[in-house]
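What the coordinates show
One-letter residues, chain by chain:
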Amino acid sequence: MASCSFSLKLNSILLSSSSSSTFKNRPSLSNAVRFFPSSSFSLLSCSPRLPLIGTQRSHSFCIKASSSSTAIAEPEGIKINSVPTKPIEGQKTGTSGLRKKVKVFKQENYLANWIQALFNSLPPEDYKNGLLVLGGDGRYFNREAAQIIIKIAAGNGVGKILVGKDGIMSTPAVSAVIRKQKANGGFIMSASHNPGGPEYDWGIKFNYSSGQPAPESITDKIYGNTLSISEIKMAEIPDVDLSSLGVTKYGNFSVEVVDPVSDYLELMENVFDFPLIKSLLSRSDFRFVFDAMHAVTGAYAKPIFVDKLGAKADSISNGVPLEDFGHGHPDPNLTYAKDLVNIMYGANGPDFGAASDGDGDRNMILGKGFFVTPSDSVAIIAANAQEAIPYFKSGPKGLARSMPTSGALDRVAEKLKLPFFEVPTGWKFFGNLMDAGKLSVCGEESFGTGSDHIREKDGIWAVLAWLSIIAHRNKDKKPGEKLVSVSDVVKEHWATYGRNFFSRYDYEECELEGANKMIEYLRDLVSKSKAGDKNGNYVLQFADDFAYTDPVDGSVASKQGVRLVFTDGSRIIFRLSGTGSAGATVRMYIEQFEPDASKHEVDAQTALKPLIDLALSVSKLKDFTGREKPTVIT
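Everything numeric here is computed off the predicted structure, so don't read it as measured data. (Residues numbered from 1 in each chain as written. Predicted model: local features only at pLDDT ≥ 70, side-chain atom pairs only at ≥ 80, totals over all residues. Heavy atoms only, no water.)

**Examining the overall build of the chain**
When you go through the chain residue by residue, the secondary structure sums to 18 helices and 31 strands. By residue count, 55% of the 634 residues in the chain fall in the buried class. If you take every contact in the chain between residues at least 6 apart in sequence, the share linking residues at least 24 apart comes to 72%. (Helix = DSSP H or I, 4+ residues; strand = E, 2+ residues; numbered from the N terminus. Buried < 20%, exposed > 50% of the residue type's maximum accessible area, 1.4 Å probe, protein only. Contact = heavy atoms within 4.5 Å.)

Following this line, the structure appears as structure tokens:
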């Protein structure tokens, strides 16, 4: 049936709460609509919102009959359409939200289904008339997606949305804004470190009122609701101009476009000693470079590093966020941040280099000709936090790492006599510990580092933490004196705690069937293994498929990665990553502890070669995946 429109004039009385009985004998709008039983209807107030209470007015409504949507009459001049839809396969969230190719999200109702399923999964009190935050990394499709999210939020009764200008807001900044503004939660439009553009990746996730990613109890409900969804509640409002700061109101729903940097910058100033860092960055004998990788931190780098901390303007490279990240892969590692690596390893490299990823939650730290592994980075930040960072002046409450991350942090916790936790990969597991007051500093080997200042990993925070440590070590150095370098700090740490040689091999976009078969083979292998089994020169201490029981809420996460742990502390770990958008990413982690300082400067790949060869042999990785070599080595 074609859509058609009718207009009729109804007498309406706007009443105070004490005079609701006046409606008893009046014809209702629903009765008027019954004259057209074969169609569905939308209601839109065609006159301005009436400000007076208890006054009889003649009020005009547009009633739109449509075969494709059903109207839901709402007060305050907003028309809500109930749009019919059907379940779409494959909308189960991974480690950090739903990630697919852009062309998948562009399918009819694909994104809308997931957003509506989210609202269907939340208690109404978690969003009705509430405040939500919306931000993203600036990648392709974010602008269109923002409008869809805003309209569905309005359709489900959200009171207000705070959205970053141009849809830009880093993942850590969204968490910070949720916490500062006491929002009910927030949407993050990002596929993190995955490439962007029409042929590449897009993603969406929801963070709760503490600023942390939604727990599995919610993401499981979202997935369940995507399998049974039948309608989308969509407000019929114009697209919001996201290019200008300010508030736009539609009846009792409003959208405020905000500066994406200000709240986050204020938080950073409260965490760190900015004058101390500025004293380092303004030195003529210290050179700093930050590569934003044409990703979201380009919007933050100049206001923070240049305007506030006095770094030179040309110290920021690739500082303009682009929808396709300048055709780059916004993952800050030795492979994809090769331009920065070449600069830092050049003949006259800067003293300090750093990069961040697509949505700003990951980081890479480099010294002159020196790479700091993420596992070492979090351990060194934790070891120096109390003396170098004002936020930790009373000392950290506890430390935690993801299971695949090296044991370097464990040794710091032991020496400092701090509570320590080993959790599955996924920042949400840290969030529970933080909310319970058990955790301050944490990290993942996948270039994510952070603390309880927010409930996400935080790339710029990690860079500022390292700058604080270097600034603290050099605060009394006069011009011309040799400065304590990044490599000096790391080597001193190794001398104190020992070195955990560590490497990760990523095999990206493997055939899913072969990758799953390999993991099943390994699970069967470890189930039959026992302490004392010999694997070459290594003696097995235990083998398992890592499981975690949350000490705060008792929830259990199982099948989190296959581990082979040997009596000398060496480890081999295999897991499938949940952050890709196609196929499977197989990750192989190799670790070996070395207490002898005379061996600390051996290249990691050289030190780990016997263990790497054993891992490839034991797993039969080449046989299952067909891969001769990894996509990325870190």
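**Here we look at the sheet that holds strand β20 (residues 420–423)**
Pairing between sheet strands relies on hydrogen bonds along the backbone, with the strands arranged either parallel or antiparallel. The strand order across the open sheet built from 4 strands is β20-β19-β21-β22, with neighbouring strands paired in mixed fashion. Only two strands of the sheet have a single neighbouring strand rather than two, namely β20 and β22 (448–451). Averaged over all adjacent pairs, the angle separating strand axes in this sheet is 15 degrees, with direction ignored. For strand β19 (residues 399–402) and strand β21 (residues 441–444), the ladder comprises 3 bridges, and the chain directions are parallel. (Pairing = 2+ DSSP bridges. Axes fitted to C-alpha atoms, helices over the stretch in contact; angles between N-to-C directions.)

**Thoughts on the side chain of Arg504**
Assignment of secondary structure puts Arg504 in strand β23 (residues 499–510). Judged by relative accessible area, Arg504 falls into the buried class, the value being 2%. In this structure the side chain of Arg504 is engaged in a polar contact, spanning 2.9 Å, whose partner is the side chain of Glu445. A polar side-chain atom of Arg504 sits 2.7 Å from a polar atom in the side chain of Asp506. Ignoring sequence-local partners within four residues, the contact set of Arg504 consists of Glu445, Ser446, Arg587, Met588, Tyr589, Val632, Ile633 and Thr634. (Polar contact = N/O pair within 3.5 Å; in protein donor to acceptor, adjacent residues only side chain to side chain.)

**With respect to the packing of helix α3 (residues 110–121) against helix α6 (residues 216–226)**
Packing of α3 against α6 brings their axes to within 8 Å, and their N-to-C directions diverge by 120 degrees. Of the possible angle classes, the one that applies to α3 and α6 is oblique. Considering only the axes of α3 and α6, their crossing is right-handed. Listed contacts from α6 to Trp114, Ala117, Leu118, Asn120 and Ser121 of α3 are Ile218, Lys221, Ile222, Asn225 and Thr226. Within the contact of α3 with α6, the residues separate by chemical class into 5 nonpolar, 4 polar and 1 charged. (Parallel < 35°, antiparallel > 145°, perpendicular 65-115°, else oblique. Left-handed = near helix turned anticlockwise from the far one by under 90°. Nonpolar A, V, L, I, M, F, W, Y, C, P; charged D, E, K, R; others polar.)

**Things to note about the environment of Asp220**
Its place among the elements puts Asp220 in helix α6. Considered as a pair, Asp220 and Thr93 are 127 residues apart in the sequence and their alpha carbons are 8.1 Å apart.

**Brief notes about the side chain of Asp359**
For Asp359, the position within the fold is in the loop between β16 (352–356) and β17 (363–367). The side chain of Asp359 is buried and forms no salt bridge, while Lys205, the nearest opposite charge, is found at 5.6 Å. Of the polar contacts made by the side chain of Asp359, one reaches the side chain of Thr171; its length is 2.5 Å. When residues no more than four places from it in sequence are discounted, the contact partners of Asp359 are Asp137, Ser170, Thr171, Pro172, Ser190, Ser192 and Val296. (Lys, Arg positive; Asp, Glu negative; His and termini not counted. Salt bridge = Lys/Arg side-chain N within 4 Å of Asp/Glu carboxyl O.)

**Some words on the sheet that holds strand β15 (residues 316–317)**
Read from one edge to the other, the open sheet built from 5 strands follows the order β15-β14-β16-β17-β18, with strand pairing classed as mixed. Edge positions in the sheet fall to β15 and β18 (370–372), since each of these pairs with one other strand and no more. Here 4 bridges tie strand β14 (residues 288–291) to β16, and the two strands are oriented parallel to one another. The residue bridging Phe290 from the neighbouring strand is Ala354, located in β16.

**Points about the packing of aromatic side chains**
The tally for this structure, following the rule as stated, stands at 19 aromatic pairs. A centroid spacing of 6.2 Å and a plane angle of 45 degrees characterise the contact between Phe370 and Trp494, whose relative ring orientation is tilted. Of this pair, Phe370 sits in strand β18 while Trp494 sits in helix α15 (residues 486–497), placing them 124 residues apart in sequence. Judged by relative accessible area, which is 13%, Phe370 ranks as buried. For Trp494, a relative accessible area of 6% translates into the label buried. Summarising the aromatic geometry, the rings of Phe371 and Phe447 are spaced 6.3 Å apart at their centres and angled 35 degrees between planes, so their arrangement reads as tilted. In this pair, Phe371 is assigned in strand β18 and Phe447 in the loop between β21 and β22, connecting sequence segments 76 residues apart. (Phe/Tyr/Trp six-rings, centres within 6.5 Å; stacked < 30°, edge-to-face > 60°.)

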